[in-house]
Each structure stands twice: as structure tokens, then as C-alpha cells.
Amino acid sequence: MKTIEVKNTDARENLTTIRACLVKAVKDGDKEVCIFSTLFFVKGNLDRVKTEINSRLGSWCHVKSSRPSFFCGFMMTGLEVQFLYDDDEKELLISRILSLFSSSWPFAGNKK
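Computed from a predicted model, the values in this text were never measured in an experiment.

> Describe the pattern of salt bridges, listing the residues and the values that go with them.
Here the structure, examined in full by the defined rule, presents seven salt bridges. For the salt bridge of Lys 64 with Glu 80, the shortest nitrogen-to-oxygen distance reads 3.8 Å. On the criterion of sequence distance, the pair formed by Lys 64 in strand β3 (residues 61-65) and Glu 80 in strand β6 (residues 79-83) is long-range, its members being 16 residues apart. Take Lys 64: its relative accessible area is 42%, and that puts it in the partly exposed class.

> Can you explain helix α2 (residues 43-57)? Please cite residues and give values.
Between its first and last C-alpha atoms α2 spans 21 Å; for 15 residues at 1.5 Å apiece the expected length is 21 Å, and the two agree. All of the buried residues in α2 are Asn 45, Leu 46, Val 49, Lys 50, Glu 52, Ile 53 and Leu 57. Mapping the buried residues of α2 onto a view down its axis gives an arc of 160 degrees, with all of them on the same face. The exposed set on the far side of α2, more than 90 degrees from its buried face, consists of Lys 43, Thr 51 and Ser 55. Those residues of α2 that are buried lie in contact with α1 (11-28), β3, β6 and α3 (90-98). Trailing α2 by a residue or two, Gly 58 shows a phi angle of about 50 degrees, which is positive.

> Please give an account of the side chain of Arg 19 that cites residues and values.
Take Arg 19: it is sitting in helix α1. Glu 52 provides the closest opposite charge to the buried, salt-bridge-free Arg 19, at an N-O distance of 7.6 Å. A distance of 2.7 Å separates a polar atom in the side chain of Arg 19 from the backbone oxygen of Leu 100. Apart from residues no more than four positions distant in its own chain, Arg 19 is found in contact with Ile 97, Leu 98, Leu 100 and Phe 101.

> Describe the environment of Phe 40, with residues and values.
In this structure, Phe 40 sits in the loop between β2 (32-37) and α2. Residue classification places Phe 40 among the buried positions, given a relative accessible area of 4%. Setting aside anything within four residues of it in sequence, one finds Phe 40 in contact with Ile 18, Ile 35, Asn 45, Leu 46, Val 49, Met 76, Thr 77, Gly 78 and Leu 79.

> Before we move on, can you summarise the packing of α1 against α3 with the specific residues and values?
Contact geometry of α1 with α3 gives a least axis separation of 9 Å together with a crossing angle of 175 degrees. Taken together, the axes of α1 and α3 lie roughly antiparallel to each other. Facing Arg 19, Leu 22, Val 23, Val 26 and Lys 27 of α1, the residues of α3 in contact are Lys 90, Leu 93, Ile 94, Ile 97 and Leu 98. Looking at the contact of α1 with α3 residue by residue, the class counts come to seven nonpolar, no polar and three charged.

What counts, and at which threshold
Residues numbered from 1 in each chain as written. Predicted model: local features only at pLDDT ≥ 70, side-chain atom pairs only at ≥ 80, totals over all residues. Heavy atoms only, no water. Salt bridge = Lys/Arg side-chain N within 4 Å of Asp/Glu carboxyl O. Helix = DSSP H or I, 4+ residues; strand = E, 2+ residues; numbered from the N terminus. Buried < 20%, exposed > 50% of the residue type's maximum accessible area, 1.4 Å probe, protein only. Expected span 1.5 Å × (residues − 1). Arc of directions from axis to C-beta. Contact = heavy atoms within 4.5 Å. Lys, Arg positive; Asp, Glu negative; His and termini not counted. Polar contact = N/O pair within 3.5 Å; in protein donor to acceptor, adjacent residues only side chain to side chain. Axes fitted to C-alpha atoms, helices over the stretch in contact; angles between N-to-C directions. Parallel < 35°, antiparallel > 145°, perpendicular 65-115°, else oblique. Nonpolar A, V, L, I, M, F, W, Y, C, P; charged D, E, K, R; others polar.

Below, the structure written as C-alpha cells:
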């Protein structure tokens, strides 16, 4: 399982990086990815990201909380994503991933 750590203070950039990492994992053929992000220091954000991925990607992946691990000096839970797709569905899955987090995210801070 590939582990990805996103250590950025800007929430919107965290979401963009998470999306990019998921796309890269699919393109590389990785079937499981574990993501740790500074967003997840707030459990509500972890739940919100998990819900977004589940609702947008549906049957193409299984999402759950990871085992706690040290991240940025703290014990924290991440997000495990297991992809369940056929090779002929890869491009459609990537387009769905690119549409993640397109709605309003209150914790991401809307820039004016």
C-alpha cells in the first residue's frame, strides 16, 4: 500500500493534492493508497473527505479510516482508499476523481 503525506497549511491545496495523488495512483495501477493530511487533524474533515469520495466514486473504491500512525509528530488517523475498477474503466474513474471536492467546502476557506 502506498502512503501519501500531505503537509500543507492551506486546506484548498490539501484537497487539490489529495485529488492529484488519487489520480496518480490510478494511472500507476496502485490498488490501495493511504493518505495522511493536515486536514485530518479535525475529525470532521476526515469524515467529510471520506463521504465525498464514497459518494462520488461509489462502487469504484472502498474507503475507510486507516490505523493511527505518527504524522507531523502526532498520532493520527488517515484515509485508506482501495480501488475496485477494471482497466477499461480507468479513464472514467480518473474523470470522477478530478470532479472531487468541486462543491463548497467550509473548512477550505473560500478565496475572494
